[in-house]
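Structural features, examined
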Amino acid sequence: MLKNVAVALLDGVHPFELGVVCEVFGLDRSDQGLPVYDFAVVSAEGPALSTHIPGFTVSTPYGLDRLDEADLIAVPAGSDYIGREYPPALLDALVRAVDRGARVLSVCSGVFVLGAAGLLDGRRCAVHWRQADELARRFPRAVIEPDVLYVDEDPVITSAGTASGIDACLHLVRKEEGVEVANAIARRMVVPPHRDGGQAQYIDRPLPRSQCDTVGDVLTWMERHLDEEVTVEQLADLAHMSPRTFARRFQQETGTTPYRWILRQRVLLAQQLLETTDETVDAVASRTGFGTAAALRHQFVRALGTTPNAYRRTFRGPEAA
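Below or above, wherever it landed, is the structure these notes cover. (Residues numbered from 1 in each chain as written. Predicted model: local features only at pLDDT ≥ 70, side-chain atom pairs only at ≥ 80, totals over all residues. Heavy atoms only, no water.)

1. A few points about helix H9 (residues 243–254)
Our working rule: Helix and strand definitions follow DSSP, with helices as H or I runs of at least four residues and strands as E runs of at least two, each counted in order from the N terminus. Multiplying one less than the number of residues by 1.5 Å gives the expected span of a helix. The buried label applies to any residue whose accessible area, calculated with a 1.4 Å probe on protein chains only, is under 20% of its type's maximum; exposed applies above 50%, and partly exposed to all values in between. The arc under discussion is defined with respect to the helix axis, by the directions toward the C-beta atoms. Working rule for contacts: check all heavy atoms of both residues, and any pair within 4.5 Å makes them a contact.
For H9, built from 12 residues, the straight-helix expectation of 16 Å at 1.5 Å per residue is met to within 8% by its first-to-last C-alpha distance of 16 Å. By the burial criterion, the buried members of H9 are Phe246, Phe250, Glu253 and Thr254. For H9, the buried positions fall inside an angular range of 80° around the axis, keeping them on one side. Residues of H9 that are exposed and point over 90 degrees away from its buried face: Arg244 and Gln252. Where the residues of H9 are buried, they touch helix H7 (216–224), helix H8 (232–239) and helix H10 (258–276). Looking one or two places after H9, you find Gly255, whose phi comes out positive at around 80°.

2. A closer look at unusual backbone geometry
Cis rather than trans, the peptide bond between Asp154 and Pro155 has omega equal to 15°. Within the secondary structure layout, Pro155 lies in the loop between strand E9 (150–153) and strand E10 (156–159). One non-glycine residue, Asp80, lies in the positive phi region at around 60°. Structurally, Asp80 can be placed in the loop between strand E5 (72–75) and helix H2 (88–99). On the basis of relative accessible area, Asp80 is assigned to the exposed category, the value being 65%. You will see that Val190, though not glycine, has its phi angle at about 55°, which is positive. As for its placement among the helices and strands, Val190 is situated in the loop between helix H6 (179–189) and H7.

3. Let's talk about the packing of aromatic side chains
Stated formally: A pair of aromatic rings is counted whenever rings of Phe, Tyr or Trp (Trp by its six-membered ring) have centres within 6.5 Å, and the orientation is called stacked for planes under 30 degrees apart, edge-to-face for over 60 and tilted otherwise.
Under the criterion given, the structure shown has 5 aromatic pairs. Pairing Phe246 with Phe250 gives two aromatic rings, centres 5.6 Å apart and planes at 50°, and the pair type is tilted. With a gap of 4 residues between them, Phe246 and Phe250 both fall in helix H9, about one helical turn apart. Given the relative accessible area of 0%, Phe246 is considered buried. Among the residues examined, Phe250 registers a relative accessible area of 0% and is labelled buried. Judged by centre distance (5.4 Å) and plane angle (80°), the ring pair of Phe300 and Tyr311 falls under edge-to-face. With Phe300 in helix H12 (residues 293–304) and Tyr311 in helix H13 (residues 308–316), this pair connects stretches of sequence that are 11 residues apart. Overall, Phe300 belongs to the buried group, its relative accessible area being 0%.

4. Observations regarding the pairing of strand E2 (residues 38–43)
The two faces of a sheet get side chains in turn, since along a regular strand they alternate between them. As a reminder of what qualifies: Strands are labelled as partners when DSSP assigns at least two bridges between them. The handedness of a crossover follows from its direction of travel: if, with the strands pointing away from the viewer, the path from the first strand over the helix to the second runs clockwise, the crossover is right-handed.
Across the 6 residues that make up E2, a large majority, 5, are buried. Taken together, the 6 bridges between strand E1 (residues 4–9) and E2 define a ladder with parallel strand orientation. For Ala6, the partnering residue across the bridge sits in E2 and is Ala40. Following the backbone out of E1, through helix H1 (residues 15–25) and into the adjacent parallel E2, one traces a crossover that is right-handed.

See the structure below:
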């Protein structure tokens, strides 16, 4: 159970990456019925720390002993984290945490701290693409995936640059607390609960896309009719455009084609139904517009790297498949 969260800071910490962890785990959202974590900001180098912003300092009464009770220790990015030496007491605390079953999570260059503790050895990990070569040089036993937003190698979770820390934190909330809690926190933060980024992730249907000025109504209609076969011509009629103009506008405003957009929404709906209902795979295929279980399985494996039955077992236990 995730109840106790601590953020371990070094001198030169980046406020934004620290703020990401504080925003997800440090705020009291009990007014929405959301979980409240026992949260602390911990310093590894004295009660007052500098940041990379002149005049911006961070002070905290908590020292490294606070890490010993944490279920999750997060290490945000900081200036010169790549090449510096790290306090041995911090590295020891991180190793002890993993040994007793706690998790550690890094944001951006915080991954170098985990590497120095030996926690990347033999594990897949994410890092900012600009730092991938240096991470590989310093920690040759790490299995680096530079193209993903985050990697969950439980109990070690690593995320790439800056905002991908949000993705990693929300992923962990989703894993521990469920889809509804993660999405509720995302809505409070006004961020999507998931961003596509090269790694298939176990997600619920995303929040509606923003900045879709001319095709927004069509997107809403498409979401409500995922079980139907539609053509670009039909969608263009709904938008009162020619098919060619509609296709161009759709690409401009969503970053993808109508076919790919609706395919992704169908997979997301299938995930939701597999997680939250007892409907058969055939019924899920029908409700999501795939038609047959074979077609659903094909697209599901392509998108997520797993089958519908395996996905259901992961989220609902062996007896659910």
